[in-house]
Every structure is written in structure tokens, then in C-alpha cells.
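Below, each chain spelled out in residue letters.
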Amino acid sequence: QVQLVESGGGLVQAGGSLRLSCAASGRTFSSYAMGWFRQAPGKEREFVSAINFSGADTYYADSVKGRFTISRDNAKNTVYLQMNSLKPEDTAVYYCAADGKIATMLSGYRGLDYWGKGTLVTVSS
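To start, this report covers the structure provided alongside it. (Residues numbered from 1 in each chain as written. Predicted model: local features only at pLDDT ≥ 70, side-chain atom pairs only at ≥ 80, totals over all residues. Heavy atoms only, no water.)

### Here we look at the packing of aromatic side chains
By convention here, two paired aromatic rings are described through the distance between centres and the angle between planes.
Logical step 1: Under the defined criterion, the tally for this structure stands at 4 aromatic pairs.
Logical step 2: Ring plane angle 75° and centroid distance 5.7 Å describe the contact between Phe37 and Phe47, whose orientation is recorded as edge-to-face. With Phe37 in strand S4 (residues 33–39) and Phe47 in strand S5 (residues 46–51), the pair connects residues that are 10 residues apart, well separated along the chain.
Logical step 3: Aromatic side chains Tyr95 and Trp115 sit 6.3 Å apart centroid to centroid with 85° between the ring planes, which places their arrangement in the edge-to-face category. Remark: Trp115 occurs in strand S10 (residues 114–115) and Tyr95 occurs in strand S9 (residues 92–99); sequence separation between them is 20 residues.
Logical step 4: Following the ring pairs from residue to residue traces out a cluster consisting of Phe37, Phe47, Tyr95 and Trp115. (Phe/Tyr/Trp six-rings, centres within 6.5 Å; stacked < 30°, edge-to-face > 60°. Helix = DSSP H or I, 4+ residues; strand = E, 2+ residues; numbered from the N terminus.)

Now the structure itself:
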């Protein structure tokens, strides 16, 4: 069992930055691929970024490539999402997810092993 708790959301002006954190419980954190998804009001949850178990491989949605950076610290059981040059369209609830297979995470949000409850990011224009 893995529990995920996100933090770091808030209100920021367009062009600003935020860093999201996702703290995981359990001793098997390093065996999971980790990812970030987001869901804006009235829209379907969408993939943002993912990182493999070791941190060697990272993946991004085209909409955030070059602006967001995912990283993980397996010693701290934490995954991060550094978000720069934020835009109003980045406004959403951001969810952290864990899965045993990176391929599953890259295929979408359905069927992933574990989810956090989300943290709200609001970008004002």
C-alpha cells in the first residue's frame, strides 16, 4: 500500500513558478514509476509528466515541455514538479500517481495503482 500526499499548490500570476511535492509512504517508493496529472474544471484528467523508478527517464506532455521539470528523491520518498513560466491554462487540480509500470502511466490516467488527493494550482492572468 502506498499513500500519496501532494503539496505546494497555490495562486500565482502568469509567468510565475511553483514547485509541487508528492510525499509517499511505504518502503517500496523506489520501485514505482511516478507521475503528475491534472484536471481542469469540466475537463478530463490529463497526463502532465512522469518519471521512471530510478529517475533516469522523464516524460512530458507537449503542453508543458520546456516549462515543467519532474524529479524524484528516493531517499526522501518524494517526487517533485517544478513549474515555470506558468500560464492561465495550467490552472487545474494536480494529482500525483504511482504505478509499477511506466508504460501504464504513459498510456493515461486509468488503471493506475495509487493516487493522491490533489493540490490546486491557480494561475491568474
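### Observations concerning the sheet that holds strand S1 (residues 4–7)
Logical step 1: Sheet architecture is open: 4 strands sit in the order S1-S3-S8-S7, paired in antiparallel fashion. Each edge of the open sheet is held by one strand with a lone partner, namely S1 and strand S7 (68–73). Strand-to-strand twist of the sheet, defined as the mean angle between neighbouring strand axes without regard to direction, takes the value 15°.
Logical step 2: Across 6 bridges, the pairing between S7 and strand S8 (residues 78–83) is antiparallel. Its bridge partner lying in S8, Ile70 is registered against Leu81. (Pairing = 2+ DSSP bridges. Axes fitted to C-alpha atoms, helices over the stretch in contact; angles between N-to-C directions.)

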